[in-house]
Amino acid sequence: LALLPATAWAEDTTWSTDIKLDGDMVLTGTVTISGAVTLSGNGTITRGSGCTDAMILVPSGAKLTIEGSVTLDGTPSSGTASNAAAIQVDEGGTVIMNGGTISSCRADDDGGAVFIKQSGTFELNGGVIQNCSAGANGGAVNIYQDGRFTMTGGTIKSCDVDLGGLGKAIYG
């Protein structure tokens, strides 16, 4: 278990152990999940100016569980635009969201908050996805090809797509 206080990540990094957030953090690069990681605690993770890809990448074989009062805030701290979802779930990756919030994310293409690739899995059991948008499809969640999205709880609200896009909340 790593206890992370207020800090800034200066470049891309990997998390391979459980993370308990104790304060706020700014990401200036993508965090890649390795193995099974639980992200919990209390604090906000904000997208920094250098983080133009997904804030968190869950590749094949990796599993991220989000619990507690963790907020992923996709608004760049410098005000520059991002072009990717807060969480990208690659083929064979898994995300389980039991709590927390994903907010204010913007993808120029698909999946404002979450982009699920082929055979990736995202379970929304609790928590909130809000105020996210996409330039094309899936203001909150985009499910690509054989990706899987299950919602047994939680809330998706105030998400949108640009004119002509499909799926203000979920597309796939």
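Remember, predicted model here, so these are calculated numbers, not experimental data.

Engineer: I'd love a proper account of the overall build of the chain, names of residues and values included.
Structural biologist: When its secondary structure is counted, the chain shows zero helices and 21 strands. Looking at the chain as a whole, 49% of its 172 residues are labelled buried. Once local pairs closer than 6 in sequence are excluded, the contacts in the chain between residues at least 24 apart make up 69%.

Engineer: I'd like to hear about the sheet that holds strand S16 (residues 133-134), residue by residue, with values.
Structural biologist: One open sheet holds the three strands; their spatial order is S12-S16-S20, and the pairing between them is parallel. Each having just a single partner strand, strand S12 (106-107) and strand S20 (160-161) make up the two edges of the open sheet. One ladder, built from two bridges, connects S12 with S16; its direction is parallel. Looking at S16, one finds that Arg106 is bridged to Ser133.

Engineer: Explain the sheet that holds strand S13 (residues 114-116) to me, and be specific about the residues and the numbers.
Structural biologist: The strand order across the open sheet built from seven strands is S2-S4-S6-S9-S13-S17-S21, with neighbouring strands paired in parallel fashion. Each edge of the open sheet is held by one strand with a lone partner, namely strand S2 (13-15) and strand S21 (170-171). Summarising the sheet, strand S9 (residues 87-89) and S13 pair through three bridges and their orientation is parallel. Pairing of Gln88 across the sheet is with Phe115, part of S13.

Engineer: Give a detailed account of the nonpolar core, specifying residues and quantitative values.
Structural biologist: One broad rule of soluble globular proteins: the nonpolar side chains tend to lie buried together. Membership of the largest hydrophobic core comes to 39 residues, with the highest contact counts inside it found for Ile45, Ile56, Ile87, Ile102, Phe122 and Ile129. Of all the elements, strand S3 (residues 19-27) adds the most residues to this core, at four residues. For Ile129, the contacting residues outside a window of four places in its chain are Met97, Ile102, Ala113, Val114, Leu124, Ala140, Val141, Thr155, Ile156, Lys157 and Cys159.

Engineer: Tell me about the packing of aromatic side chains, residues and numbers included.
Structural biologist: Here the structure, examined in full by the defined rule, presents two aromatic pairs. An angle of 25 degrees between the planes, with centres 6.3 Å apart, marks the rings of Phe115 and Tyr144 as stacked. Of this pair, Phe115 sits in strand S13 while Tyr144 is found in the loop between strand S17 (141-143) and strand S18 (148-151), placing the two residues 29 residues apart along the sequence. For Phe115, a relative accessible area of 15% translates into the label buried. When its relative accessible area of 36% is taken as the criterion, Tyr144 is described as partly exposed. On the numbers, 6.0 Å between centres and 15 degrees between planes, the contact of Phe122 with Phe149 is stacked.

Engineer: For the state of the cysteines, give the residues involved together with the corresponding values.
Structural biologist: Tallied over the full model, the rule gives zero disulfides. Cys105 forms no disulfide, and the closest cysteine sulfur to it belongs to Cys132, at a distance of 4.1 Å.

Reading guide: rules and limits
- Residues numbered from 1 in each chain as written.
- Predicted model: local features only at pLDDT ≥ 70, side-chain atom pairs only at ≥ 80, totals over all residues.
- Heavy atoms only, no water.
- Helix = DSSP H or I, 4+ residues; strand = E, 2+ residues; numbered from the N terminus.
- Buried < 20%, exposed > 50% of the residue type's maximum accessible area, 1.4 Å probe, protein only.
- Contact = heavy atoms within 4.5 Å.
- Pairing = 2+ DSSP bridges.
- Core = buried A, V, L, I, M, F, W, Y, C linked by side-chain atoms within 4.5 Å.
- Phe/Tyr/Trp six-rings, centres within 6.5 Å; stacked < 30°, edge-to-face > 60°.
- Disulfide = S-S within 2.5 Å.

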